Amino acid sequence: MNKVMSWIVLGLMTWGTIGSLGGSILIGRNYAYGKDSRDEAREWVEKFVPKGTNILIDMPHNCPRLQNTREQMERFLESAVKTNNYKKEFWKLKLETLDPGATTYNIYVVQREFHEIGSIPQQVKDVQVTQDLIPITGEKKDFATLDKFKIRCIITNDTALRAGGGAGDFYENLALSGICWEFKLFEKTNLDGETIYIYLLG
């Protein structure tokens, strides 16, 4: 390789490295300085939603990470041990490290089929062993279900709204029902984020 070609190759490699590094720096800045919408939503909930409130969450992995009550954790651990579920060590560790002063909630999860979540049937079944599930049909009887479980806060996200099922009609009915006394929206702040929707019920 002659000297001119060597300089061209070196220049291209340097440009590529700087370009990659620049991308890494931008991504790093995004996570270091740009707060994720899920973190913003969690902080808002912990500030304005009373400890111990019954909260319904749709697709929890895309929602703010809220802390379950000790009572829920103990039940989930018992269920996991009884069924030899892979989450038994997870709930054991959560209980052992739970801060007595933490803001905790009774967290319920919208029951969804595996194809709505984009997972395999057995995996969804295993996860749902340690969740308090509420079926949502998109019919008016959903509101009676909310009353039955004393749900006072509902949290959802873009992915859940796109997933179909009865939940789509449920959220539309919820917006028109008049039972929400406050609605909050936290727009996604990065490519990996979610727009979070929070409904407070009267």
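Calculation criteria
- Residues numbered from 1 in each chain as written.
- Predicted model: local features only at pLDDT ≥ 70, side-chain atom pairs only at ≥ 80, totals over all residues.
- Heavy atoms only, no water.
- 1 Å grid on protein atoms, 1.4 Å probe; cavity = no way out; pocket = protein on both sides within 12 Å on 5 of 7 lines; lining within 4 Å.
- Points joined across faces, edges and corners; volume = space filled by probe spheres on them.
- Helix = DSSP H or I, 4+ residues; strand = E, 2+ residues; numbered from the N terminus.
- Nonpolar A, V, L, I, M, F, W, Y, C, P; charged D, E, K, R; others polar.
- Buried < 20%, exposed > 50% of the residue type's maximum accessible area, 1.4 Å probe, protein only.
- Pairing = 2+ DSSP bridges.
- pLDDT = per-residue confidence, 0-100.
- Contact = heavy atoms within 4.5 Å.

Caption draft 1: Inspection of the layout of surface pockets at higher detail. Size it by volume and the largest pocket reaches roughly 680 Å³. In terms of lining residues, the largest pocket is bounded by 29 residues, among which P60, H61, K87, V127 and Q131 are the most central. For the lining of the largest pocket, the secondary-structure elements that each account for two or more residues are β2 (67–68), α4 (88–97), β3 (104–111) and α6 (121–128). Sorting elements by how many residues they give to the lining of the largest pocket places α6 first, with 4 residues. Classifying every residue of the lining of the largest pocket gives 15 nonpolar, 8 polar and 6 charged.

Caption draft 2: Main features of the pairing of strand β7 (residues 196–201). Counting buried residues in β7 gives 6 out of 6 residues, a clear majority hidden from the surface. As paired strands, strand β5 (residues 153–157) and β7 are joined by 5 bridges and run antiparallel to one another. Paired with N157 across the bridge in β7 is I196. Pairing of strand β6 (residues 180–186) with β7 involves 6 bridges; the strand directions are antiparallel. Paired with L185 across the strands is Y197, a residue of β7.

Caption draft 3: Representation of the confidence of the model for the chain in the model. Across the chain, the average pLDDT comes to 83, with 82% of residues at or above 70. Mean pLDDT across the elements of the chain ranges from a minimum in helix α1 (residues 3–33), with 40, to a maximum in strand β1 (residues 54–57), with 98. Contacts for the low-pLDDT stretch residues 2–33, under 50 throughout, to residues beyond four places or in other chains number 7 contacts.

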